[in-house]
Protein chains: 2
Amino acid sequence: MSDQQQTEISQLGEFGLIDRLTENLDSINESTSYAVGDDAAILNYQGDTDILVTTDMLLENVHFDLTYVPLKHLGYKAAVVNFSDIYAMNGTPRQITVSLGISKRFTVEHIEELYSGIRLACAIYGVDIVGGDTCASHQGLVISVTCIGDAPRGRAVKRSTAKDTDLICVSGDLGAAYMGLQVLEREKVASAGRNDFQPDFAGKEYLVERQLKPEARKDIVKELADKGIMPTAMIDISDGLSSELIHICRQSNCGCRIYEDRIPIDYQTAVMAEELNMNLVTAALNGGEDYELLFTVPLVDRDKIEKMAGVKMIGYICKQELGYAMVTRDGGEFPLRAQGWNPLASNNDNEAEQ
Amino acid sequence: MSDQQQTEISQLGEFGLIDRLTENLDSINESTSYAVGDDAAILNYQGDTDILVTTDMLLENVHFDLTYVPLKHLGYKAAVVNFSDIYAMNGTPRQITVSLGISKRFTVEHIEELYSGIRLACAIYGVDIVGGDTCASHQGLVISVTCIGDAPRGRAVKRSTAKDTDLICVSGDLGAAYMGLQVLEREKVASAGRNDFQPDFAGKEYLVERQLKPEARKDIVKELADKGIMPTAMIDISDGLSSELIHICRQSNCGCRIYEDRIPIDYQTAVMAEELNMNLVTAALNGGEDYELLFTVPLVDRDKIEKMAGVKMIGYICKQELGYAMVTRDGGEFPLRAQGWNPLASNNDNEAEQ
């Protein structure tokens, strides 16, 4: 490593770093239709099919804590979060590769348990495991999954194509996975050093399940197609509503308004926020890992969307100069910021220096 | 993690673990043509093209040591080893995704240096970077690359299709990358605690380059096509000749004979083996990371192969019951074993328990 001027990665953040690394990336191959910058890349090989590729890396004690995450659930989630990226392109996941870095405290049975979750997710979502890599790791478990999917040519939906006046829609409810993490962390602290400890999830079952066993919204993508609705832009909510909405707006050169009182929040999420004395809307805006779909549709689809169970219109796309804001219950405007979980931020004390 | 009977991963080894995890994996999707068990998976979407997918994970201090590996070289190698897997399928690499786990001791400039090597490899081999993921890592650098390539329908070459009497061929020379690693490790030990240390690679330049900056044999794949030679089976040599040849034989239900005096070895490799008092043929058989191509061709292609510079016939495929063996210089038979680098073996003391 040379002595040139050095910049802390936390100064740029994850997205800044990616922008810097992928500057001026020109495509060489005809089959590369759309590269970096969305949930998945789009490849055009032959025929009427676009091929979608996405990848995610999960590291122990950064993305998951095996104190309370069962290995089977972890495998399930590692697969599903990749499927979610393909659905967020309006595609169908078809194949995955699974690479594992495994430290010595894991036995064959542990890895089989992890794999059984991956296989279960694949069986449920109709995806094939086509390859991978396994190797030794010095510390902890490393999981890298790449998912390949397809969409009829020209039907893949990007983040960059939302238009002024489009309606902003979201599936399911938000903030529950984040609250589930708080529940699990609280029980972990309470159980420290006690062998007889029984965690108490009564009344929080939905939150814990949303954190440990998220599902990808295959059903929503199917229903949109069945109803003849083609989203103008779509993304899955992994980092939080606020962050994902800003991705769509920035890449589409638009602004947005969403309404505080329209953000879908489950009853258990609200109770838990109260218990923890946390701002509920902040949790719904910035709590990640919900894996719901955030998408925009043209105004003409309003009636069709209103008839869809489990989808809510939460606002509209506007001109770029109007910025990104939430209209609060009292009619004020609260600016949205991309403060989703930033794993590379300097206040994230998750580094054991070697 | 449950209390059921536990098996150490070292008891199975990497390949045993993979076999166990991928048992009874039935494909669901029509587009999944050939899944686990080769250098890359084969996908049939539409048209006359097969799509190839391969993935590799590299972990700091398991696969690379930044004491002597420059980041740019590391990036180059991380990309090239994936291209090599696509060439080993008789395909052309087209796209890669790059996932990075980054610990806090790395700056933006470090990661840019790493990426510059990846980009250089992509420019040279004509491959597009189409996506990836970056995240924080607790310890060290994690690199996971997935490569997508293509081959005309039905032209992808597997490991499982070698036939009795086929000729066994290998490109380039073997054992040099392993010897390069020995040189680098020796200089690392010599330099410990000294700031003024200048490593001495005189007369070992080829070995060091083979270890730090391997190339994928795009040229050989092209030449085979130009000469009208279609290999019956092919694999790239990442774990060592012996191990890779046994992969071909096992998956093809064949045996093999190779000749000690025909194994291609560079002069520098021989000198270094002498210096280290190591058995030269063992190094060529079991030293990995050469990224040369090992392939089989029908007997009728003998004359064409003989005219190819940089390709050597080293033996032949025989019936399974004759086993896997090397014919030594004195005419004896030495059984081949898959003792390539096993990163999951118990004698690999590379685990810092958490």
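Residues numbered from 1 in each chain as written. Chains lettered and ligands numbered in written order. Predicted model: local features only at pLDDT ≥ 70, side-chain atom pairs only at ≥ 80, totals over all residues. Heavy atoms only, no water.

Draft legend 1. Structural view of the sheet that holds strand 12 (residues 324-327) of chain A. All names here are of chain A. A sheet is described by the order of its strands in space; here seven strands give the open sequence 8-10-7-11-9-12-13, paired in mixed fashion. Looking at the sheet topology across the chains shown, the edges are occupied by strand 8 (233-236) and strand 13 (333-335). Each strand of the sheet is rotated relative to its neighbour by a mean of 25°, with strand direction disregarded. As paired elements, strand 7 (residues 167-171) and strand 11 (residues 311-319) share five bridges and run antiparallel to each other. Across the sheet, C169 pairs through a bridge with M313, a residue of strand 11. Lying on the sheet, helix 6 (residues 218-226) is in contact with strand 7, strand 10 (293-297) and strand 11; it crosses strand 10 at an angle near 15°. (Pairing = 2+ DSSP bridges. Helix = DSSP H or I, 4+ residues; strand = E, 2+ residues; numbered from the N terminus. Axes fitted to C-alpha atoms, helices over the stretch in contact; angles between N-to-C directions. Contact = heavy atoms within 4.5 Å.)

Draft legend 2. Spatial organisation of the pairing of strand 10 (residues 293-297) of chain B. All names here are of chain B. Of all the five residues making up strand 10, five are buried; the element is thus mostly covered by neighbouring parts of the structure. Alternating positions in strand 10 separate into two faces, L293, F295 and V297 on one and L294 and T296 on the other, with burial throughout. With four bridges joining them, strand 7 (residues 167-171) and strand 10 adopt antiparallel strand pairing. Following the sheet pairing, L167 is matched in strand 10 by V297. The pairing of strand 8 (residues 233-236) with strand 10 spans four bridges and is classified as antiparallel. Bridging across to strand 10, D236 finds its partner in L293. (Buried < 20%, exposed > 50% of the residue type's maximum accessible area, 1.4 Å probe, protein only.)

Draft legend 3. Summary view of the confidence of the model for chain A. All names here are of chain A. Counting all residues, the mean pLDDT for chain A is 87, and 90% of those residues have values of 70 or more. Across residues 341-354, confidence stays below pLDDT 50; counting only partners more than four residues off in sequence or on other chains, it has 44 contacts. Of the two predicted TM-score estimates for the complex, the pTM is 0.89 and the ipTM is 0.88. (pLDDT = per-residue confidence, 0-100.)

Draft legend 4. Molecular detail of the state of the cysteines. All names here are of chain A. This model, assessed by the stated rule, comprises zero disulfides over all chains. A disulfide-free cysteine, C169 has its sulfur positioned 13 Å from the sulfur of C256, the nearest such atom. The class for C169 is buried, based on a relative accessible area of 0%. (Disulfide = S-S within 2.5 Å.)

Draft legend 5. Highlighting the packing of aromatic side chains. All names here are of chain A. Within the structure shown, the criterion is met by six aromatic pairs over all chains. Ring geometry for Y87 versus Y125: centroids 6.2 Å apart, planes at 45°, classification tilted. Of this pair, Y87 sits in helix 2 (residues 71-87) while Y125 sits in helix 3 (residues 108-125); the two residues are 38 residues apart in sequence, bridging distant segments of the chain. Here the two residues Y87 and Y125 agree in accessibility, since each one is buried. (Phe/Tyr/Trp six-rings, centres within 6.5 Å; stacked < 30°, edge-to-face > 60°.)

Draft legend 6. The arrangement of unusual backbone geometry in detail. Residue and element names in this part refer to chain A. In this structure, N90 is a non-glycine residue whose phi angle is positive, near 70°. Mapped onto the elements of the fold, N90 is located in the loop between helix 2 and strand 4 (92-102). You can call N90 buried: its relative accessible area is 13%.

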